[in-house]
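An overview of the molecular structure
Letter by letter, the chains look like this.
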Amino acid sequence: DYQGLNIGGQISLNNRNSLGASINWQSSEYGGPDTAFQNKTRDDDLTSLRVEHNFLMAKHWKLNSHITQTENSSNITISDYDRTRFGINFIYETN
């Protein structure tokens, strides 16, 4: 079973730049005990925060840069982690 919530938004700074942010929370309980991990049923709470900047480079072309911080708290040690990811995307939109 799992449940979660995702909230985000974006604001235009001008006709070429926008900023966005989102926060995500998810609670997961897996289907049954895992014999490889002391017969525990895995139970995770994940939260993440993403911040992004979009820049319209030219007609149809957009540059997206973003950073995401994720924390997964788990009762199974190997599944318990913190992660920071950074990305840059070049996006072609046909609209």
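Located above this text is the structure these notes cover.
Residues numbered from 1 in each chain as written. Predicted model: local features only at pLDDT ≥ 70, side-chain atom pairs only at ≥ 80, totals over all residues. Heavy atoms only, no water.

Scanning the protein chain for helices and strands turns up 0 helices and 5 strands. Listing the helices and strands of the protein chain from first to last along the sequence gives β-β-β-β-β. Rg of the C-alpha trace for the protein chain: 18 Å, well past the compact-globule value of 12 Å for 95 residues, more than 25% over. Its C-alpha atoms put the protein chain at 55 × 25 × 20 Å along the principal axes. Residues counted as buried form 20% of the 95 residues belonging to the protein chain. In the protein chain, the proportion of contacts linking residues at least 24 apart, taken out of those at least 6 apart, comes to 41%. Of the side-chain charges in the protein chain, 8 are positive and 11 negative, and the distance between the mean point of each set is 16 Å. (Helix = DSSP H or I, 4+ residues; strand = E, 2+ residues; numbered from the N terminus. Rg over C-alpha atoms; globule rule 2.2 N^0.38 Å. Buried < 20%, exposed > 50% of the residue type's maximum accessible area, 1.4 Å probe, protein only. Contact = heavy atoms within 4.5 Å. Lys, Arg positive; Asp, Glu negative; His and termini not counted. Charge placed at Lys NZ, Arg CZ, Asp CG, Glu CD.)

The next point concerns the side chain of Ser79. As for its position among the elements, Ser79 is in the loop between strand E4 (61-74) and strand E5 (81-92). We classify Ser79 as buried; its relative accessible area is 13%. Setting aside residues no more than four positions away along its own chain, Ser79 makes contact with Arg42, Asn72 and Ser74.

Here the focus is the pattern of salt bridges. On inspection of all chains with the given rule, the structure shows 3 salt bridges. Note that Arg42 is salt-bridged to Asp44, the shortest N-O span being 2.6 Å. Overall, Arg42 belongs to the partly exposed group, its relative accessible area being 25%. Between Glu52 and Arg50 there is a salt bridge whose closest N-O contact spans 3.0 Å. Glu52 gets classed as buried once you look at its relative accessible area, which sits at 17%. (Salt bridge = Lys/Arg side-chain N within 4 Å of Asp/Glu carboxyl O.)

In this section: the pairing of strand E3 (residues 40-58). Every regular strand shows the same layout, with side chains that alternate between the two sheet faces. In this structure, strand E2 (residues 17-34) lies alongside E3, joined through 15 bridges in antiparallel fashion. Bridging across to E3, Trp25 finds its partner in Thr47. The pairing of E3 with E4 spans 14 bridges and is classified as antiparallel. When the sheet's bridge partners are listed, Thr47 is paired in E4 with Glu71. (Pairing = 2+ DSSP bridges.)

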